[in-house]
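# Chain and residue survey
Each chain, letter by letter, is given below.
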Amino acid sequence: MAKRSGKIRPVLIVNGPNLNMLGVRQPEIYGRESLGDVIRACRAEATSLGLDVEFRHSNKEGELVEFLHAARQGNSGIIINAGAYTHTSVAIFDALQIAEKPVIEVHLSNIFRRESFRHHSYVSLAAQGVICGLGSQGYLLALAAMKKLLNKGK
Ligand code: DQA
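Reading the values: the criteria
Residues numbered from 1 in each chain as written. Predicted model: local features only at pLDDT ≥ 70, side-chain atom pairs only at ≥ 80, totals over all residues. Heavy atoms only, no water. Near = heavy atom within 4 Å. Polar contact = N/O pair within 3.5 Å; in protein donor to acceptor, adjacent residues only side chain to side chain. Areas by Shrake-Rupley, 256 points an atom, 1.4 Å probe, with all protein chains shown as cover. Nonpolar A, V, L, I, M, F, W, Y, C, P; charged D, E, K, R; others polar. Pairing = 2+ DSSP bridges. Helix = DSSP H or I, 4+ residues; strand = E, 2+ residues; numbered from the N terminus. Axes fitted to C-alpha atoms, helices over the stretch in contact; angles between N-to-C directions. Contact = heavy atoms within 4.5 Å. Disulfide = S-S within 2.5 Å. Buried < 20%, exposed > 50% of the residue type's maximum accessible area, 1.4 Å probe, protein only. Arc of directions from axis to C-beta.

## Structural notes on the site of the ligand
- Looking at the ligand, the residues that line it are R25, Y30, N81, G83, A84, H87, H107, L108, S109, I111 and R118.
- Here an oxygen atom of the ligand sits 3.2 Å away from a polar atom, N or O, in the main chain of A84.
- Residue L108 places a main-chain N or O atom 2.8 Å away from an oxygen atom belonging to the ligand.
- Bound to the protein, the ligand loses 99% of the 320 Å² it would expose on its own.
- The residue inventory of the shell around the ligand, partitioned by class, reads 4 nonpolar, 5 polar and 2 charged.

Shown next as structure tokens:
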């Protein structure tokens, strides 16, 4: 597992544009939980898995890229829901590759049951795995999967 001075580095959970509007944004698609609710559930899951977690959110592509650059030194793995940038951002794809960490892509909705422009993901090209369509549970499943990926790397 990626360690710094004997300590396992936290797993970074990154959320992209419009995900700060969870709970009020098209709840029939994204559910009624707020981003704060999702973060609380992730913290509880991480504690029970014995992982440290850090959360970042931005509506700005460049800021997301900078979170990923920082992950190269500061994090052991990356769980990312890049929102709409999933489908457009070569910059986020490049930054994920620069990070050189295990990556799990999460989407609340099943992007393959939706508009065709959501079917392509640049993030997937850099991800070990993709979880979509399971709502906020996807983040918790991603944490459990990340724990296994990190243990394999020990
Ligand atoms: C999303 C799916 C994207 O297509 C969309 O642009 C989002 C949210 C999801 O979590 O289902 O913002 O990433």
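## Structural notes on the sheet that holds strand β6 (residues 103–107)
- One open sheet accounts for 5 strands, arranged β4-β3-β5-β6-β7; its pairing is parallel. Because the sheet does not close on itself, it has two edges, and the strands there are β4 (53–57) and β7 (129–132). Neighbour to neighbour, the strand axes of the sheet diverge by 20° on average, direction disregarded.
- In this sheet, β4 lies alongside strand β3 (residues 11–15) in parallel orientation, the contact comprising 5 bridges. Among the inter-strand pairings, N15 is bridged to a residue of β4, identified as H57.
- Sitting on the sheet, helix α2 (residues 35–49) is in contact with β3 and β4, with an inclination near 165° to β4.

## What to know about the state of the cysteines
- Applying the stated rule across the entire model yields 0 disulfides.
- Take C42: it sits in no disulfide, and the sulfur closest to it among the cysteines is that of C132, at 17 Å.

## A word on helix α4 (residues 90–99)
- Taken together, the buried positions of α4 are occupied by I92, F93, A95, L96 and A99. Relative to the axis of α4, the buried residues are bounded by an arc of 165° and lie together on one face.
- For α4, the secondary structure elements touched by its buried residues are α3 (61–74), β5 (77–81) and β6.
- Capping the start of α4, S89 holds a side-chain oxygen 3.4 Å from the backbone nitrogen of A91, two or three residues further along.
- Where α4 ends, the next residue or the one after it, E100, has phi of about 50°, a positive value.

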